[in-house]
Amino acid sequence: RLADERQRLLVRELDHRMKNTFKVVDAMAKQTLKRSRSFEEFLAAFEGRLHSMARTHELLIDREWRSIDVETLLRQTFDIHQESVNFDCDAIELDAETGAALSMAAYELVTNAAKYGGLATRNGAVRVEVRRVRRDGEPWMRLVWQESTDFAVQQPTEEGFGYRMVRRVVESQLRGTAALDYGAHGVSWRIDIPL
């Protein structure tokens, strides 16, 4: 009876996770399609997001959906850009839901840096600093993302998909705050999320 109960619980949990995943993929496909100028552009952008999501899920499955170290999570997002990134992270474990959401935001940061910023040229770089902080007496995590480029950075005239995605994930899913600053030679983000 206990084994049957446990199996029913696991099936319900799997059902819940799959429904959430399908909702995320559906929203991601619609938003990507809306911003794409051609089918090829849509396919490349959507596949990149989907593969990043799959890699994160593999990490979480390896850890039985319990928790994941934030630096491990962020490192897997950078993939081929590892040599251009400097990490300085406190040891922070995130629950599976937070880790999955944060990886989506991190993927957008990496993609934008590779297209327009610190990872777009050989001399560019990204520094990622993650600290445990306190806000109103509660434990929070602060992620500071700093890009440096060898060219002048100009603020775009309209908000791109990546910017909106980062804000939406951080503010809606993670109940945190995200602030973007355009410097002369690179953008920086400050993302705070409750732990």
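This text follows the structure it describes.
One structure accompanies this document, and this report is about it. These figures come from a predicted structure and were not determined experimentally. (Residues numbered from 1 in each chain as written. Predicted model: local features only at pLDDT ≥ 70, side-chain atom pairs only at ≥ 80, totals over all residues. Heavy atoms only, no water.)

Details of the overall build of the protein
The following threshold applies: Helix numbering and strand numbering both begin at the N terminus, where a helix is a DSSP run of H or I of at least 4 residues and a strand a DSSP run of E of at least 2. Classification of residues uses two cut-offs on accessible area relative to the type maximum, computed with a 1.4 Å probe and protein chains only: under 20% is buried, over 50% is exposed, and between them is partly exposed. Note on definitions: a residue-residue contact is assigned when non-hydrogen atoms from the two residues lie within 4.5 Å. Areas reported here follow the Shrake-Rupley algorithm with a probe of radius 1.4 Å; residue values treat only the protein chains shown as occluding.
Along its length, the protein carries five helices and seven strands. Along its sequence from the N terminus, the protein presents helices and strands in the succession α-α-β-α-β-β-α-β-β-α-β-β. The 195 residues of the protein split such that 41% are buried. Within the protein, residue pairs in contact and separated by at least 24 positions form 65% of the contacts whose partners lie at least 6 positions apart. Counting every atom, the protein has about 11700 Å² of accessible surface; 51% of that belongs to carbon and sulfur.

Focus on the sheet that holds strand S5 (residues 138-148)
Under the convention used in this document: For two strands to be treated as a pair, DSSP must find at least two bridges joining them. Axis definition: a line fit to C-alpha positions, over the contact stretch in the case of helices; interaxial angles, taken between N-to-C directions, run 0 to 180 degrees.
Spatially, the five strands line up as an open sheet ordered S2-S4-S5-S7-S6, and their pairing is mixed. The two strands at the open ends of the sheet, each matched to only one other strand, are strand S2 (85-89) and strand S6 (177-183). Neighbour to neighbour, the strand axes of the sheet diverge by 15° on average, direction disregarded. Note that S6 and strand S7 (residues 186-194) share seven bridges and pair antiparallel. Bridged to glycine 183 within S7 is glycine 186. Each of strand S4 (125-135), S5 and S7 touches helix H4 (residues 96-116); the most contacted strand, S5, lies at about 15° to it. The strands touched by helix H5 (residues 161-173) within the sheet are S6 and S7, with S7 carrying the most contacts at an inclination of about 20°.

Digging into the pairing of S5
Looking down a regular strand, the side chains alternate between one sheet face and the other. Bridging between S4 and S5 involves eleven bridges; their strand directions are antiparallel. By the bridge assignment for S5, valine 133 is matched with tryptophan 140. Between the end of S4 and the start of S5, which pair antiparallel, lie two residues, with aspartate 136 showing a positive phi angle near 50°. Here seven bridges tie S5 to S7, and the two strands are oriented antiparallel to one another.

A short note on the packing of H4 against H5
Two measures define how a pair of helices packs: the angle their axes make with one another and the distance between the axes. Just so we agree on the cut-off: Here the word oblique covers every angle except those under 35 degrees (roughly parallel), over 145 (roughly antiparallel) and from 65 to 115 (roughly perpendicular). Here a crossing is called left-handed whenever its near helix is offset anticlockwise from the far helix by less than a right angle, and right-handed whenever the offset is clockwise.
Where H4 contacts H5, the axes come no closer than 9 Å and their chain directions differ by 160°. Put simply, H4 runs roughly antiparallel to H5. Between H4 and H5 lies a crossing of left-handed hand. On the side of H4, the interface is formed by Ala101, Met104, Ala105, Glu108, Leu109 and Asn112, while H5 contributes Phe161, Gly162, Tyr163, Met165, Val166, Val169 and Gln173.

A few points about helix H3 (residues 70-78)
Our working definition: Side-chain atoms alone can form a polar contact between residues adjacent in sequence; in general such a contact is a pair of N or O atoms within 3.5 Å, and within protein one must be able to donate a hydrogen while the other accepts it.
Of all nine residues in H3, seven are buried; the element is thus mostly enclosed. You can read the cap of H3 off the contacts: a side-chain oxygen lies 3.2 Å from the backbone nitrogen of glutamate 71, and it is on aspartate 69.

Observations concerning the pattern of salt bridges
Rules: Only one rule defines a salt bridge in this text: a Lys or Arg side-chain nitrogen within 4 Å of an Asp or Glu carboxyl oxygen.
What the rule picks out here adds up to ten salt bridges. We note a salt bridge from glutamate 129 to arginine 127, for which the minimum N-O separation is 3.4 Å. On the basis of relative accessibility, which here comes to 25%, the residue glutamate 129 falls in the partly exposed class. You can call arginine 127 partly exposed: its relative accessible area is 31%. Between arginine 190 and aspartate 192 there is a salt bridge whose closest N-O contact spans 3.7 Å. On the basis of relative accessibility, which here comes to 0%, the residue aspartate 192 falls in the buried class. Salt bridges sharing partners connect three or more residues here, namely Asp88, Asp90, Arg127, Glu129 and Arg131.

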